[in-house]
There are 2 protein chains.
Amino acid sequence: MGESDVKVLGMWPSPFVMRARIALNLKSVDYEFLQETFGSKSELLLQSNPVHKKVPVLIHGGKPVCESLIIVEYIDEVWASGPSILPSDPYDRATARFWAAYISEKWYPSMKGIGFAQGEEAKKAAIEQVTEGLALLEEAFEKSSKGNVFFGGDEIGYLDIAFGCFLGWLRVNEKLHGIKLLDQTKTPGLVKWADKFCAHAAVKDVMPETDKLVEIAKILAAKARAAAAPPPSN
Amino acid sequence: MGESDVKVLGMWPSPFVMRARIALNLKSVDYEFLQETFGSKSELLLQSNPVHKKVPVLIHGGKPVCESLIIVEYIDEVWASGPSILPSDPYDRATARFWAAYISEKWYPSMKGIGFAQGEEAKKAAIEQVTEGLALLEEAFEKSSKGNVFFGGDEIGYLDIAFGCFLGWLRVNEKLHGIKLLDQTKTPGLVKWADKFCAHAAVKDVMPETDKLVEIAKILAAKARAAAAPPPSN
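Only a predicted model underlies this, so the values are computations on that prediction, with no experimental measurement involved.

> Could you give me a rundown of the UniProt feature "domain: GST C-terminal" (unreviewed entry) in chain A, with the residues and numbers involved?
UniProt records the feature "domain: GST C-terminal" (unreviewed entry) at residues 89-220 of chain A, using the numbering of this structure. End C-alpha atoms of residues 89-220 of chain A are separated by 41 Å, and the span's content is 71% helix alongside 0% strand.

Now the structure itself:
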């Protein structure tokens, strides 16, 4: 079971897929990136993740691992000789896992909600929710980074990956809605962190250009509108 | 920071709180169980878990750890001298984490949905969803237990705790709705496992009697009905 026997089933615009790819890059593991076609699911995906039928799936030595944060922990444990992704202290690990779960389950769904908000009031409320979340994350960054550039200290770690994968889509929201989410006054630590994260060798070739994501966002929005529209009359 | 300096903020009927308590019992860690009052949140809870304001919280040496599965991993890492809760093999760990997340995020919400279903059709659909989930878990049990009594082998592990904590509420559903969820024909492995799990020394004093949970379920249902009822007319 060599390192070359690693595949990632994914799609390039997916922040969750990015988590797996950044973790593999950090460990200098070569992998084959098998892209799913938008709007359909490959036989290999359905076989590898029959419960959720979702990307990413990491296939290592023919065995599938599903769910992005579980994949990141798996990579950290299997290629233990590379730089450590999870913090070594149990309390720091628990804290990193807490914020990673918060980002995945609360903060990112809020950010997705900005685009789906009905009316200006609802949109304003959604933006406020996202901004409040970022204030919490700025505070978490101060505590976790301990004066360094990353949540993980002087190297990218679990929480950097869990949060950083959404920076492309955060910029899409800023652009499409004419708002500023990461802000020099309110989240100065995160502003600096975001730049460092996106420029990191393990990230820069995996993080899509904002304009390409904007195109995807427009296609998705058009599809959502078409699905919600009443059927054409005769 | 001694072992005696361990507190759990919780409520006895909560399956999530049970996870933390079983993990501490497995590691033979003494702890103080601080129960929240139903319908209100203590100052200590609000301070310890300001983001989610939810139990359980483990307080160890004055520092809070939140989210039940994160607490279980923390306990496993801190009291590493006791029996291991997570499997030692990275692939087995990833598999245990996968099913623990499935149970928490998909299966348990489905089971909760049985009681809230509107009409017989919806109730039937909810029961079917839960039963399908149990068939998946029966399969996972066969693979994971490798002929032993627990998901974790011959000792209770992470997935046993993550799933087993819901057995009390599963029995409440069986009783209140006159159905059989764990079934000798369809889930023979899980039937045997459930008995062994509930009789285990680390579990038996923490798992509430079904009749007591039924009382709680009735109170919760009455509250939900009252909240949904139209205001009384003059």
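> I'd like a description of the packing of helix 5 (residues 120-145) of chain B against helix 8 (residues 188-199) of chain B, backed by residues and values.
Residues and elements named next belong to chain B. Orientation of helix 5 relative to helix 8, taken along the N-to-C sense of each, is 75 degrees, at an axis distance of 8 Å. It follows that helix 5 is roughly perpendicular to helix 8 by the angle criterion. On helix 8, the residues touching Leu134, Leu137, Glu138 and Phe141 of helix 5 are Pro188, Gly189, Leu190 and Trp193. Tallied by class, residues from the contact of helix 5 with helix 8 come to 6 nonpolar, 1 polar and 1 charged.

> Provide a residue-level description of the pattern of salt bridges, including the pertinent values.
All names here are of chain A. For the coordinates displayed, the defined rule picks out 16 salt bridges over all chains. Asp76 is the partner of Lys27 in a salt bridge, and the nearest nitrogen-oxygen pair spans 2.9 Å. Of this pair, Lys27 sits in the loop between helix 1 (15-26) and strand 2 (32-35) while Asp76 sits in helix 3 (residues 68-78), placing them 49 residues apart in sequence. The pair formed by Lys27 and Asp76 is uniform in burial state, with each residue classed as buried.

> Tell me about the sheet that holds strand 4 (residues 63-66) of chain B, and name the residues and values.
All names here are of chain B. Strand order in this open sheet of 4 strands is 2-1-3-4, and the pairing throughout is mixed. Each edge of the open sheet is held by one strand with a lone partner, namely strand 2 (32-35) and strand 4. The sheet shows a mean angle of 25 degrees between the axes of neighbouring strands, direction not considered. Of the strand pairs in this sheet, strand 1 (residues 6-10) and strand 3 (residues 57-60) are connected by 4 bridges, and their pairing is antiparallel.

> How would you explain the sheet that holds strand 1 (residues 6-10) of chain A if you had to name every residue and give the values?
Residues and elements named next belong to chain A. The 4 strands lie next to each other as 2-1-3-4, forming an open sheet whose pairing is mixed. The sheet terminates laterally at strand 2 and strand 4 (63-66), the two strands that pair on one side only. The mean angle between the axes of side-by-side strands here comes to 25 degrees, regardless of whether they run parallel or antiparallel. Bridge count between strand 1 and strand 2: 4 bridges; the pairing is parallel. Looking across to strand 2, one finds that Gly10 is bridged to Gln35. Most of the contacts of helix 1 go to strand 1, to which it runs at about 155 degrees, and overall it touches strand 1, strand 2 and strand 3 (57-60).

Scoring rules and cut-offs
Residues numbered from 1 in each chain as written. Chains lettered and ligands numbered in written order. Predicted model: local features only at pLDDT ≥ 70, side-chain atom pairs only at ≥ 80, totals over all residues. Heavy atoms only, no water. UniProt positions renumbered as here; feature names shortened; annotations may be inferred. Helix = DSSP H or I, 4+ residues; strand = E, 2+ residues; numbered from the N terminus. Axes fitted to C-alpha atoms, helices over the stretch in contact; angles between N-to-C directions. Parallel < 35°, antiparallel > 145°, perpendicular 65-115°, else oblique. Contact = heavy atoms within 4.5 Å. Nonpolar A, V, L, I, M, F, W, Y, C, P; charged D, E, K, R; others polar. Salt bridge = Lys/Arg side-chain N within 4 Å of Asp/Glu carboxyl O. Buried < 20%, exposed > 50% of the residue type's maximum accessible area, 1.4 Å probe, protein only. Pairing = 2+ DSSP bridges.

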